[in-house]
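# Understanding the architecture of this molecule
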Amino acid sequence: MAPGEAELRLRERLGKLRSLPLLGGTRLSGELERLERQLERLEAEPTDEEIWRSVELARHPDRPYTLDYVQRLLDDFVELHGDRGRADDPAIVTGLGRFDGRTVARVGHQKGRDIRERTTRNFGMPYPEGYRKAMRIMALADRHGFPLLSLVDTPGAYPGVAAEQHGQGGAIARSQAVMARLGVPTVATIIGEGGSGGAIALALTDRVLMQEHAIYSVITPEGCAAILWRDAG
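Residues numbered from 1 in each chain as written. Predicted model: local features only at pLDDT ≥ 70, side-chain atom pairs only at ≥ 80, totals over all residues. Heavy atoms only, no water.

## Some thoughts on the packing of aromatic side chains
Taken as a whole and assessed by the stated rule, the structure comprises one aromatic pair. Seen in terms of ring centroids, Tyr127 and Tyr158 are 4.8 Å apart; in terms of plane orientation they differ by 35°. Their pairing is tilted. Pair noted here: Tyr127 is in the loop between helix 5 (115-120) and helix 6 (128-144) and Tyr158 is in the loop between strand 4 (148-154) and helix 7 (161-165), with a separation of 31 residues, a long-range link. Residue class for Tyr127 comes out partly exposed when judged on its relative accessible area of 23%. Its end group placed over the ring of Tyr65, Arg113 keeps NZ or CZ at 4.1 Å from the ring centre. (Phe/Tyr/Trp six-rings, centres within 6.5 Å; stacked < 30°, edge-to-face > 60°. Helix = DSSP H or I, 4+ residues; strand = E, 2+ residues; numbered from the N terminus. Buried < 20%, exposed > 50% of the residue type's maximum accessible area, 1.4 Å probe, protein only. Lys NZ or Arg CZ within 6 Å of the ring centre and 35° of its normal.)

Rendered as structure tokens:
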């Protein structure tokens, strides 16, 4: 039921209850209070326009991306490449650096600024190779006792045929399993868009933070619309 329809039905029920005479022994006043509280919660919810505005802000091209944070937060950052099996996925950036004088491991999605970089980095949508590369840095962090910092900014894992053939679902599941077993402190921050399993594969941490106007959802709005109405628009 749409929020507007729910609100309308609540108002109708409230109107009917208020018109009834309150007889002794009835609990209409309690029901009235419950419906009024429910109506207040509905009225406090954001409108469709406000929700979509949040999506646009989370995707804004001027938001800082993972490498922007790395440049400003970490000293002596050394990037690690490749999954030691198939390829290097530029949609995920991993490496080691120093934060407040302590070595930390860092992993995150990278979307890219211009159209050329976005194409190279696949708009921040990783292949299985990207998650296997992330698991490399997780294992390294666990072995040497480095805290793990994860920066999440992706519409989701790449849904193409090639990614599925390379084991996309299994890679996402294994990444979560590895994170769940880590013995070092882990923190994930949603810095823009956190979509579906592609996001949670790097966000199963001790603490999950979100930047202002960031979003974290089980699926992108377009993906949900495509499933429900066969139209991403």
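## Focus on the packing of helix 6 against helix 8 (residues 168-181)
Their axes nearest at 9 Å, the elements helix 6 and helix 8 cross at an angle of 15°. As summarised for this structure, helix 6 and helix 8 are arranged roughly parallel, according to the angle between their axes. Our pair here, helix 6 against helix 8, has a crossing hand that is left-handed. Contact residues: Pro128, Tyr131, Arg132, Met135 and Met138 in helix 6; Gln168, Ala171, Ile172, Arg174, Ser175, Val178 and Met179 in helix 8. (Axes fitted to C-alpha atoms, helices over the stretch in contact; angles between N-to-C directions. Parallel < 35°, antiparallel > 145°, perpendicular 65-115°, else oblique. Left-handed = near helix turned anticlockwise from the far one by under 90°. Contact = heavy atoms within 4.5 Å.)

## Regarding the nonpolar core
In this structure, Val107, Tyr131, Met138, Leu148 and Leu202 are the most contacted members of the largest nonpolar core, which totals 28 residues. Discounting chain neighbours no more than four positions away, the residues touching Val107 are Ile92, Val93, Thr94, Ala134, Ile137, Leu148, Leu149, Ser150, Leu151 and Leu202. (Core = buried A, V, L, I, M, F, W, Y, C linked by side-chain atoms within 4.5 Å.)

## Description of the pattern of salt bridges
Under the definition given, this model contains eleven salt bridges. Where Asp153 meets Lys111, a salt bridge forms, and the shortest distance between an N and an O atom there is 3.3 Å. Here Asp153 is found in strand 4, whereas its partner Lys111 is found in the loop between strand 3 (102-109) and helix 5, with 42 residues between them in sequence. Assigned by exposure class, Asp153 and Lys111 land together as buried. Among the residues examined, Lys111 registers a relative accessible area of 9% and is labelled buried. (Salt bridge = Lys/Arg side-chain N within 4 Å of Asp/Glu carboxyl O.)

## Side note on the pairing of strand 4
Within strand 4, six of the seven residues are buried, leaving the element largely enclosed by the surrounding structure. Here strand 4 runs beside strand 5 (residues 186-195); their pairing, made up of six bridges, is parallel. When the bridges of strand 5 are listed, Val152 appears paired with Ile190. (Pairing = 2+ DSSP bridges.)

## Focus on the side chain of Gln168
The residue Gln168 is located in helix 8 in this model. For Gln168, a relative accessible area of 3% corresponds to the buried category.

## Observations concerning the layout of surface pockets
Counted as a void, the largest pocket has a volume near 420 Å³. Looking at the largest pocket, it is lined by 13 residues, and the ones nearest its centre are Asp48, Ile51, Trp52, Val55 and Pro221. At the level of secondary structure, the elements contributing two or more residues to the lining of the largest pocket comprise helix 3 (48-58), strand 7 (215-217) and helix 10 (221-229). Looking at which element gives the most residues to the lining of the largest pocket, the answer is helix 3, with five residues. Among the residues making up the lining of the largest pocket, the classes are represented as ten nonpolar, two polar and one charged. (1 Å grid on protein atoms, 1.4 Å probe; cavity = no way out; pocket = protein on both sides within 12 Å on 5 of 7 lines; lining within 4 Å. Points joined across faces, edges and corners; volume = space filled by probe spheres on them. Nonpolar A, V, L, I, M, F, W, Y, C, P; charged D, E, K, R; others polar.)

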